[in-house]
Amino acid sequence: MTMAAAIRRFVRDGHTVALEGFTHLIPFAAGHEIIRQGRRDLTLVRLTPDLLMDQMVAAGTARKLLFGWLGNPGVGSLHAIRRAVERGVPAPLEIEEYSHFGLLCRYKAAASGLPFFPLRGYRGTDLPRVNSRLRSVTCPFTGEQLDAVADLHPDVAIVNAQRADHEGNTQIWGLLGAQREVAFAARRVIVVVEEIVPGEVVRADPNRTQIPGIIVDAVVEEPWSAHPSFAQGYYDRDNAAYLAWDRVTRDQGRCERHLDAWIHGLSDRTAYCARLPEGTRERLTPGPRPAGPVDYGDYR
Amino acid sequence: MSSAAAAEAPANRTEMMIHAAAREVRDGDAVFVGIGLPNLAVQLARRLHAPGAHLIYESGVFGARPARLPISIGDPCLVSGAAQVLPMAETFLYFLQGRRTDLGFLGAAQIDRFGNLNTTVVGDYDAPRVRLPGAGGAPDIAWNARRTVVILRQDRRKFVERLNFRTTVGWAEGGDSRERLGASGGGPVRVITDLGVYGFDAATREMLLETVHPGVTVEEIRAHVGWPLRTAPAVTTTPEPTPEASRLLREDIDPARIYLGPA
């Protein structure tokens, strides 16, 4: 399925949409297509809102944001999100914040068919004071007071991966983030891959499969779809783009010009890749460091 | 400046912080590493006195052996050559909540006398003067690691009488209050700044100035703390790095001085 078709079919105004990928495999191409199609009133969920969420908020797609850590890592603030929260520009944005672990446990509960997940770590902090969804529960065995978070079933989860087969069996190596948990938690799953491979490639190495095809609604093949984040073994993080965003994000007008040039003015990811400065892809492509093969054995 | 002369130049204050932090790492420790200075400190410790330290990153990496200086806690160089990669949820569940972490490094925008940390807002939560990144992994590192070390640059706006928001629990209200909350880990043991190094009183759990960096006075430090600071019985000078430690940090770990700053 094309990216445009997948977003048109599964992402609706007002939906709760989780876009995961911790530094690695951030679904930039999918987020850009959501912007291009003009979705509104989304509740966006992401452990670490960074450039992509800043762009989606600057574009006016979001009504609410659930997160664990908000920033451009190592660079600075996300000013578009701050403008929306502090001044309602371009639209008011409600925030609901967690620790990384708290949000991960919301995915875990939903993925496991539980109404809540117990954890430790919020007692004595001010976080429950500003987020009424951080509650406590008494252990029925020891009487200990534990923290608890509710299940979270996103309407749609979008995850990037290196490869999948036509049935949606999806393989990831490198940082795994919350890809598997959010996929099992969500009602619909869109997987975006660097390449679609024959089923026998996946089946030759089943331990590497993070998401089974049975929970996948759409597989989109789009090389470089995570740029300027990275895909382990395919391309490195484009740190220059993260630094450059720091100048754009400070002004809503500059954000809108950036969105016009890089999203609204382009038809798809192929056009985006063609617009990257010459030499970008060569600069970001790593040398080889393959895993050694393992023998699963032939059992007849 | 020749390379030999550069290696002999006295450590700047950022370097003093990194060397002090490296001394907190023990051989064999499982260390939860943050990016920036802690990352340099653990690399240094592994090359000196703690070759058996295991580097854990909350992005889901155990036993990282990065071939270049990682630019974030999710840098691909942390994966290539690591001992294990696991889902983030399992990293928090098993390595932190499951009590497999010896040492965790944390930063903060504000710290109080009991080592509680704020990384959420400066000012009122609903109308903040500065909106900070938020919790991330900090509450769980502080709650579960056997020891935590806080690294931050020091001024009165950071060393505050009262936090605007308590994101992360240190020694709570002091005394046995952390224990009464039910925290499983050991709490903060050191605070390392660009001016000096602090410990905590074993009974009251209040921060105590232990050492000042070369050229810094106790009076200067007091001017950068927002509460009446207590000092250890004998405040000494933070040890300067050995020539070998200095050379490793400058020539092997951060030769471009991305984090070290001007010599």
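Refer to the structure above for everything that follows.
Predicted model, so just to flag it, every value in this text is computed and none were measured.

**Considering the overall build of chain A**
Point 1. In terms of helices and strands, chain A carries twelve helices and twelve strands.
Point 2. Relative to a compact globule of 300 residues, whose C-alpha radius of gyration would be 19 Å, chain A shows 20 Å and is just as compact.
Point 3. Oriented by its inertia axes, the alpha-carbon framework of chain A measures out at about 65 × 55 × 35 Å.
Point 4. Evaluated residue by residue, chain A yields a buried proportion of 56% over its 300 residues.

**Considering the sheet that holds strand 10 (residues 147-151) of chain B**
Residue and element names in this part refer to chain B.
Point 1. The mixed open sheet is built from ten strands, whose spatial order is 4-3-2-1-5-10-11-12-13-14. Strands with a single pairing partner mark the edges of an open sheet, and in this sheet they are strand 4 (84-85) and strand 14 (230-237).
Point 2. Sheet topology note: the strand 1 (residues 30-32)/strand 5 (residues 103-106) ladder contains two bridges and is parallel. Bridge pairing in strand 5 links phenylalanine 32 to glycine 104.
Point 3. Contacts from helix 2 (residues 13-22) reach strand 5, strand 10, strand 11 (188-192) and strand 12 (196-200), with the element oriented near 160 degrees to strand 11.

**Quick notes on the nonpolar core**
Point 1. Grouped together as the largest cluster of nonpolar side chains are 162 residues, with contacts concentrated most on A:Ile158 and A:Ile190.
Point 2. Once residues within four sequence positions are removed from consideration, A:Ile158 is found in contact with A:Ile7, A:Val17, A:Ala18, A:Leu19, A:Glu20, A:Pro27, A:Ala30, A:Ile34, A:Ile190 and A:Val192.

**Observations regarding the pairing of strand 2 (residues 54-57) of chain B**
Looking along a regular strand, one sees side chains alternate from face to face of the sheet.
All names here are of chain B.
Point 1. By the bridge criterion, three bridges tie strand 1 to strand 2 in an arrangement that is parallel. Bridging across to strand 2, valine 31 finds its partner in leucine 55.
Point 2. In terms of handedness, the path from strand 1 via helix 3 (residues 37-47) over to strand 2 forms a crossover that is right-handed.
Point 3. The sheet contact formed by strand 2 and strand 3 (residues 61-62) spans two bridges and is antiparallel. For isoleucine 56, the partnering residue across the bridge sits in strand 3 and is phenylalanine 62.
Point 4. Between strand 2 and strand 3, which follow one another and run antiparallel, lie three residues, and glycine 60 among them has a positive phi close to 110 degrees.

**Thoughts on the packing of helix 2 of chain B against helix 8 (residues 243-253) of chain B**
All names here are of chain B.
Point 1. Taken N-terminus to C-terminus, the directions of helix 2 and helix 8 make an angle of 110 degrees; their axes are 11 Å apart at the nearest point. Here helix 8 runs roughly perpendicular to helix 2, going by the angle between their axes. In this structure, the crossing between helix 2 and helix 8 has a hand that is right-handed. Counted together, Glu15, Ile18 and His19 of helix 2 and Ala245, Ser246, Leu249 and Arg250 of helix 8 form the full contact between these two elements.
Point 2. When its residues are assigned to classes, the contact of helix 2 with helix 8 shows three nonpolar, two polar and two charged.

**Some thoughts on the interface of chain A and chain B**
Point 1. Counting residues at the interface gives 41 residues for chain A, matched by 40 residues for chain B.
Point 2. Across the chain A-chain B interface, the total number found is two salt bridges.
Point 3. Taken together, the links from chain A to chain B amount to 15 residue pairs in polar contact (both at pLDDT 80 or more).
Point 4. Looking at the side of chain A that touches chain B, the elements with two or more residues in it are helix 4 (79-87), strand 4 (94-97), helix 5 (100-111), strand 5 (116-119), helix 6 (127-130) and helix 7 (179-185) of chain A.
Point 5. The element contributing the most residues to the side of chain A that touches chain B is helix 5 of chain A, with four residues.
Point 6. Here the side of chain A that touches chain B is built from residues that sort into 16 nonpolar, twelve polar and 13 charged.

**Observations concerning the pattern of salt bridges**
Residues and elements named next belong to chain A.
Point 1. What the rule picks out here adds up to 34 salt bridges over all chains.
Point 2. The salt bridge partner of aspartate 50 is arginine 46, with a shortest N-O separation of 3.3 Å. The two residues aspartate 50 and arginine 46 agree in class, both being buried.
Point 3. Linked by salt bridges that have partners in common, Arg63, Lys64, Glu94, Glu96 and Arg106 make up one network.

**Section: the sheet that holds strand 5 of chain A**
Residue and element names in this part refer to chain A.
Point 1. As summarised here, the arrangement of the three strands in space is 5-7-6, forming an open sheet in which the pairing is antiparallel. Both outer strands of the open sheet, strand 5 and strand 6 (134-138), are each paired with one neighbouring strand and no more. Strand after strand, the sheet turns through a mean of 40 degrees between neighbouring axes, direction not considered.
Point 2. Both strand 5 and strand 7 (residues 145-150) contribute to a ladder of four bridges, which runs antiparallel. Bridging across to strand 7, leucine 119 finds its partner in aspartate 147.
Point 3. Lying on the sheet, helix 5 is in contact with strand 5 and strand 7; it crosses strand 5 at an angle near 140 degrees.

**Quick word on unusual backbone geometry**
All names here are of chain A.
Point 1. Of note, the amide linkage connecting valine 89 to proline 90 takes the cis form, showing an omega dihedral of -5 degrees.
Point 2. Note that proline 90 resides in the loop between helix 4 and strand 4.
Point 3. Proline 228 follows histidine 227 through a cis peptide bond whose omega is 10 degrees.
Point 4. Mapped onto the elements of the fold, proline 228 is located in the loop between strand 12 (218-221) and helix 9 (239-248).
Point 5. The backbone of leucine 25 sits at a positive phi, close to 55 degrees, despite the residue not being glycine.
Point 6. Relative to the assigned elements, leucine 25 resides in the loop between strand 1 (16-19) and helix 2 (28-36).
Point 7. Under the relative-accessibility criterion, leucine 25 is labelled buried at 0%.
Point 8. For tryptophan 224, which is not glycine, the phi dihedral falls at a positive 65 degrees.
Point 9. With respect to the element layout, tryptophan 224 can be found in the loop between strand 12 and helix 9.

About the cut-offs
All chains use their own residue numbering, which begins from 1 and follows the written sequence. Ligands are numbered from 1 and chains lettered from A, in the order in which they are written. pLDDT decides what is reported in this predicted model: residues at 70 or higher carry local features, side-chain atom pairs at 80 or more are listed and counted, and totals for whole chains, interfaces and linings draw on all residues regardless. No hydrogens and no water enter the side-chain calculation; it runs on all heavy atoms of the structure. Put simply, DSSP H or I for four residues or longer makes a helix, DSSP E for two residues or longer makes a strand, and each gets a number counted from the N terminus. Atoms considered for the radius of gyration are the C-alpha atoms alone. The globule rule reads 2.2 Å times the number of residues to the power 0.38. Think of it in three bands: residues with accessible area under 20% of the maximum for their type are buried, residues over 50% are exposed, and the middle band is partly exposed, with areas taken using a 1.4 Å probe on protein chains only. DSSP calls a pair of strands paired once it identifies at least 2 bridges connecting them. Here, residues are in contact when the closest pair of their heavy atoms is within 4.5 Å. Helix axes are fitted only over the stretch in contact, all axes being lines through C-alpha atoms; the angle between N-to-C directions runs from 0 to 180 degrees. Nonpolar cores are built from buried Ala, Val, Leu, Ile, Met, Phe, Trp, Tyr and Cys residues. Side-chain atoms within 4.5 Å join them into one set. Here is how to tell: hold the view so the strands point away, follow the path from the first strand over the helix to the second, and if it runs clockwise the crossover is right-handed. For classification, angles of less than 35 degrees are called roughly parallel, those exceeding 145 degrees roughly antiparallel, those between 65 and 115 degrees roughly perpendicular, and all remaining angles oblique. Working rule for handedness: look at the near helix, and if it is turned counterclockwise from the far one by less than a right angle, call the crossing left-handed; if clockwise, right-handed. Residues are sorted three ways: Asp, Glu, Lys and Arg are charged, Ala, Val, Leu, Ile, Met, Phe, Trp, Tyr, Cys and Pro are nonpolar, and all the rest, Gly among them, are polar. Any Lys or Arg side-chain nitrogen found within 4 Å of a carboxyl oxygen on Asp or Glu counts as a salt bridge. We define a polar contact as two N or O atoms separated by no more than 3.5 Å, with the added condition that, inside protein, one atom must be a possible hydrogen donor and the other a possible acceptor, whereas residues neighbouring each other in sequence contribute only through side-chain atom pairs.

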